[in-house]
Amino acid sequence: MKKEITPELGREALFSLFKTRSPLGPLKAMAKHVGKFFQIPIPGFSPYVVFGPEAARKVLVTDRNKLLWRNTDPVTDLLRRGVLVTDGEEHDHYRGLMETPFHPSQLAGYTEMMIAQTEKVTSTWQDGQTVDMLVDGRKIALLIIMQTLFNKDAWNDIPKIWNPILKTIQYVSPGLWILWRKIPRLGYGKSLKALDEYLYEIIEERRKEERKTRDFLQHLIDAGLSDDIIRDQMLTMLIAGHDTSTALFAWTFALLGQHPEVLAEVLKEVDGAEGKYPLLDNVIKETLRLYPPIHIGNRRVAEEMEFDEGKIPAGERMFYSIYLTHRDPQIWDDAEQFCPERFAHGRKTPPMSYIPFGGGPRACIGAAFGQAEARVVLAHLLKNFKFEFTGHPIHAHMGATLEPRPGVMMRVTKRVESRE
Ligand code: HEM
């Protein structure tokens, strides 16, 4: 039976909204009191929320054909026919074309490039300067994804595309449009157009090139897709492939900054053997557990779905919460604690309880890439710089991804021979 949301619970949810400065607090309060299936009680916007391994399996695998990824949100307006927001055969066609460059067998080839792009950003750091790892992490992630997807060194373009990219992300982030879908979205047009023009220019240049580069963009061109459809896939990958990594880098620094004893152990590891970093890998996994950059999956129910706790009628909105699944105390010991060690001895929790990249046939295309990127970039940064967290408060902000706000301010000093 579906439990009701009582006025007391409403008050508790509101209190936690103020306390945590994010809707994650109220979601947790509802999960605690109502369970793994509830409906958000906002007039005009009342999506169902489900979480836990059983729900994840249903949504991502067994009942996925009852759901639509294509939605009525700004993200669909922005990405048009992008792989993330299409369904059925159309989706499968694009996905088939897009997977190859991100196959795990391709990853080793990206390492040197990832380091070279990281160094472009760190070359601007002055010794003792305070840097915001949310900002500089984004620069690194952007440079890496542009080089990977389009063989484009975007270093000199950053001043031109920075604001258009931030505005584009803001355009798809939760806002008043949730309650009032037709609210005028003023102030975005110029930025969206600038980013579009930038992408169409890259396509045009490539079409003119005689010696073709083998990369993601070329794959789409060779498949005979139109410029518009190529733009849609480019923008999808550009946003999905860098905003997530940005959040992951920033949260990892936030958590290492808040846990100096773990940071000290990670430093020992990266200063030792080259290449394999089991502790750093577990730090990345634990960061993705506590702060999954994509914290919910957004769906529209096309055909009635039945869960143990109740039904969701066709036509309703549904979110499956990765965040709540990752913090379920029935699954995770000390669920709220940062404890990379929990991943040290193989899996101890049920399948589909750890889903930072989603799951099933529409799991993240860039899962292996994103993890390899985080390992390479973080190891390189930690080997070469001393990072001291300035100790300011951080809260989780629900934007397009879950972001540490107001940023992650760290004092950076070059570690030369001393390796302190
Ligand atoms: C830390 C990094 C990343 C995280 C945490 C992440 C997370 C996710 C999640 C949870 C989904 C599934 C969403 C759902 O079920 O609704 C997803 C899908 C997707 N991701 Fe990622 N992602 C990351 C990096 C990347 C990268 C690097 C790329 C591209 C190079 C990428 C491209 C995509 C695409 C295109 C989809 C849609 C797949 C489809 O619908 O078939 N992601 N990602």
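Residues numbered from 1 in each chain as written. Predicted model: local features only at pLDDT ≥ 70, side-chain atom pairs only at ≥ 80, totals over all residues. Heavy atoms only, no water.

Further remarks concern the domain arrangement of the protein chain. Taken as a whole, the protein chain is organised into domain 1 (1-33) and domain 2 (36-414). When each unit is reduced to the centre of its C-alpha atoms, the spacing between domain 1 and domain 2 is 26 Å. Between domain 1 and domain 2, the contact holds 12 residues from the first and 18 residues from the second. Summed over both sides, the interface of domain 1 with domain 2 buries roughly 1,300 Å², with 73% coming from carbon and sulfur. (Domains from an automatic or database assignment. Contact = heavy atoms within 4.5 Å. Buried area = accessible area lost by both parts, 1.4 Å probe.)

Before going further, it helps to examine the packing of helix α7 (residues 133-150) against helix α11 (residues 227-258). The contact between α7 and α11 brings their axes to 8 Å, and the two run at 145 degrees. Taken as a pair, α7 and α11 cross one another with a handedness that is right-handed. Between α7 and α11, the contacting residues are Met133, Leu134, Gly137, Arg138, Ile140, Ala141, Leu142, Ile145, Met146, Leu149 and Phe150 on the first element and Met234, Met237, Leu238, Gly241, His242, Asp243, Ser245, Thr246, Phe249, Ala250 and Phe253 on the second. Taken together, the residues that form the contact of α7 with α11 break down as 15 nonpolar, five polar and two charged. (Axes fitted to C-alpha atoms, helices over the stretch in contact; angles between N-to-C directions. Helix = DSSP H or I, 4+ residues; strand = E, 2+ residues; numbered from the N terminus. Left-handed = near helix turned anticlockwise from the far one by under 90°. Nonpolar A, V, L, I, M, F, W, Y, C, P; charged D, E, K, R; others polar.)

Contacts to the ligand come from 26 residues, most closely from His91, Arg95, Arg299, Arg362 and Cys364. Contact distances for the ligand include 2.8 Å between an oxygen atom and a side-chain N or O atom of Arg95. Between the ligand and the protein, one listed contact pairs an oxygen atom with a side-chain N or O atom of Arg362 at 2.9 Å. Contributing elements (two or more residues each) for the shell around the ligand: α5 (88-99), α11 and β5 (296-301). At five residues, the largest contribution of residues to the shell around the ligand is made by α11. (Near = heavy atom within 4 Å. Polar contact = N/O pair within 3.5 Å; in protein donor to acceptor, adjacent residues only side chain to side chain.)

For the rest of this paragraph, the subject is the packing of α7 against helix α8 (residues 158-172). α8 packs onto α7 with a crossing angle of 105 degrees between their chain directions and a minimal axis gap of 12 Å. Of the possible angle classes, the one that applies to α7 and α8 is roughly perpendicular. Here Val135, Arg138, Lys139, Leu142, Leu143 and Met146 of α7 lie close against α8, whose contacting residues are Ile158, Ile161, Trp162, Ile165, Leu166 and Ile169. Among the residues making up the contact of α7 with α8, the classes are represented as 10 nonpolar, no polar and two charged. (Parallel < 35°, antiparallel > 145°, perpendicular 65-115°, else oblique.)

The relation between two aromatic rings is expressed through the spacing of the ring centres and the mutual angle of the planes. What the rule picks out here adds up to 15 aromatic pairs. When the centroid spacing of 3.6 Å and the interplanar angle of 0 degrees are considered together, the rings of Trp251 and Tyr291 count as stacked. Here the residue Trp251 occupies a position in helix α11, and Tyr291 occupies one in the loop between α13 (278-290) and β5, the gap between them amounting to 40 residues. Exposure class is identical for Trp251 and Tyr291. Each is buried. When the ring of Trp332 is compared with that of Tyr354, the centres are 6.3 Å apart and the planes differ by 70 degrees; the resulting orientation is edge-to-face. Taken together, the positions of Trp332 in the loop between α14 (322-326) and α15 (367-384) and Tyr354 in the loop between α14 and α15 put the pair 22 residues apart, joining distant regions of the chain. Under the relative-accessibility criterion, Trp332 is labelled buried at 5%. One aromatic cluster is present, formed by Phe102, Tyr110, Phe216 and Phe369 through successive ring pairs. Lying over the aromatic face of Trp332, Arg289 brings its terminal NZ or CZ to 5.2 Å of the ring centre. (Phe/Tyr/Trp six-rings, centres within 6.5 Å; stacked < 30°, edge-to-face > 60°. Buried < 20%, exposed > 50% of the residue type's maximum accessible area, 1.4 Å probe, protein only. Lys NZ or Arg CZ within 6 Å of the ring centre and 35° of its normal.)

The subject of this paragraph is the nonpolar core. Counting 109 residues, the largest nonpolar core has Phe38 and Phe387 as its most contacted members. If you count residues domain by domain, this core takes at least three from each of domain 1 (1-33) and domain 2 (36-414). Ignoring sequence-local partners within four residues, the contact set of Phe387 consists of Trp125, Met133, Phe253, Leu263, Leu381, Leu382, Met410, Arg411 and Val412. In terms of nonpolar packing, the next biggest core, distinct from the first, is built from 18 residues, Tyr48, Val50, Leu67 and Ile355 among them. (Core = buried A, V, L, I, M, F, W, Y, C linked by side-chain atoms within 4.5 Å.)

All right, on to the pattern of salt bridges then. Scanning the entire structure with this criterion turns up 32 salt bridges. The residue Lys58 makes a salt bridge to Asp63 at a minimum N-O spacing of 3.7 Å. The closest approach of N and O atoms between Arg317 and Asp73, which form a salt bridge, is 2.9 Å. Of the two residues, Arg317 is situated in strand β8 (residues 317-321) and Asp73 in the loop between β3 (67-68) and α4 (74-79); the sequence distance between them amounts to 244 residues. Taking the relative accessible area as the measure of exposure, Asp73 reaches 5% and is therefore buried. Overlapping salt bridges, with partners in common, bring together Arg80, Asp196, Asp228, Arg231 and Asp232 in one network. (Salt bridge = Lys/Arg side-chain N within 4 Å of Asp/Glu carboxyl O.)

In regular strands, side chains alternate between the two faces of the sheet. Of the strand pairs in this sheet, strand β10 (residues 395-398) and strand β11 (residues 402-405) are connected by four bridges, and their pairing is antiparallel. The partner of Met398 across the bridge, within β11, is Leu402. Between β10 and β11, which pair antiparallel one after the other, the connecting turn spans three residues. (Pairing = 2+ DSSP bridges.)

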